[in-house]
Amino acid sequence: MNAEELIRSGLLEAYVLGQASPEEAALVERMRASDDPVREELDAIELALEQQAMQQAVAPAPKVRASIMDAIKHEGGKKEVPVIPIQREHKPFNWMAAASVAALVLSAVMNFMQYRELRDVRVELAQLQDDRSVLAEELKVQRTSMERTQQQLAVVMDPRAEMVVLNGMGAAEGHKARIYWDKTASAVHFDALSMPAPPEGTQYQLWALVDGQPVDAGMVSLEQDTTGLQRMKDVPNAQAFAVTVEHVGGSPTPTLTAMVLLGQI
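I will try to describe carefully the structure that is included in this document.

Criteria and cut-off values
- Residues numbered from 1 in each chain as written.
- Predicted model: local features only at pLDDT ≥ 70, side-chain atom pairs only at ≥ 80, totals over all residues.
- Heavy atoms only, no water.
- Phe/Tyr/Trp six-rings, centres within 6.5 Å; stacked < 30°, edge-to-face > 60°.
- Helix = DSSP H or I, 4+ residues; strand = E, 2+ residues; numbered from the N terminus.
- Buried < 20%, exposed > 50% of the residue type's maximum accessible area, 1.4 Å probe, protein only.
- Contact = heavy atoms within 4.5 Å.
- Pairing = 2+ DSSP bridges.
- Salt bridge = Lys/Arg side-chain N within 4 Å of Asp/Glu carboxyl O.

### What about the packing of aromatic side chains?
Applying the stated rule across the entire model yields 1 aromatic pair. Taken together, a centroid distance of 6.1 Å and an interplanar angle of 75 degrees make the contact between Trp 181 and Phe 241 edge-to-face. Here the residue Trp 181 occupies a position in strand 2 (residues 176-182), and Phe 241 occupies one in strand 7 (residues 238-247), the gap between them amounting to 60 residues. With respect to burial, Trp 181 and Phe 241 carry one shared label: buried.

### With respect to the side chain of Ser 186
Tracing the chain through its elements places Ser 186 in the loop between strand 2 and strand 3 (187-191). Ignoring sequence-local partners within four residues, the contact set of Ser 186 consists of Trp 181, Asp 234, Val 235 and Pro 236.

### Some details on the pairing of strand 5 (residues 213-220)
Sheet topology note: the strand 4 (residues 202-210)/strand 5 ladder contains 7 bridges and is antiparallel. Residue pairing across strands places Gln 205 opposite Met 219, the latter belonging to strand 5. Hairpin connection between strand 4 and strand 5: a loop of 2 residues separates the two successive antiparallel strands, and Asp 211 in this loop has a positive phi of roughly 55 degrees.

### Describing unusual backbone geometry
Here Ser 186, not a glycine, exhibits a phi torsion of approximately 65 degrees, which is positive. With relative accessibility at 15%, the residue Ser 186 sits in the buried group. A positive phi is found at Asn 237, a non-glycine position, where the angle reads about 55 degrees. Given a relative accessible area of 55%, Asn 237 falls into the exposed group.

### So, the pattern of salt bridges
Where charged atoms from two side chains of opposite charge come close, those side chains can pair. Taken as a whole and judged by the stated rule, the model has 9 salt bridges. As a salt-bridge pair, Arg 160 and Asp 182 come within 3.6 Å of each other at their nearest N and O atoms. Of the two residues, Arg 160 is situated in the loop between helix 6 (95-157) and strand 1 (161-168) and Asp 182 in strand 2; the sequence distance between them amounts to 22 residues. Through salt bridges with shared partners, a single network forms among Arg 32, Asp 43 and Glu 46.

What follows is the structure, encoded as structure tokens:
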């Protein structure tokens, strides 16, 4: 908060009237010491209240003053000082000045209350905007996930798709994967199922046996954002599918000794 905002907020009047919280009072005192406009505004407010108090002060009657002076003169003696009742001097009450000060103070207090409410509303609005952003991001993620699930379900339920089960071999015995192959469109989708992560520096590669020759059908990814059905390369007229462990990026020919999954059509 800068000096101009502090002056407009009504916090200075609340501070002078003793209505500011300890934190707000500390803010006012800190800015009073460092900002001339704040110090000048505070001085003006305090001076206006002091002048109003002086204008409404009641002066003692002349008889009271004489009695006090007489008592001082006979101090130390046994003379009793007569008690003279104090009579207030009647003076016209400055209603216009009092009303002006009251209006000024009331306006400052109202400004200060509105400033507090506006500050609270801004904090709540910022929190709501943050919550809305989080909800929008979560909804976007859920919508993307639902769309991908629907797409995968469409592949699985497609009557043209033939499911081929790939069974584990050697060290991968007990692990499985599935192929959904659309013969008409030659589309291949791979479901890793229970495949473990490959050794470091290697990657699974899918092969299709076409006319007795192995054909590269693409690299298999087990990353979290690619789990589920993975779209592989199109394969026409396949007789079998197999998976080998190759170096990262794949190989132009399969390493038969590294074959881990095989499935006949």
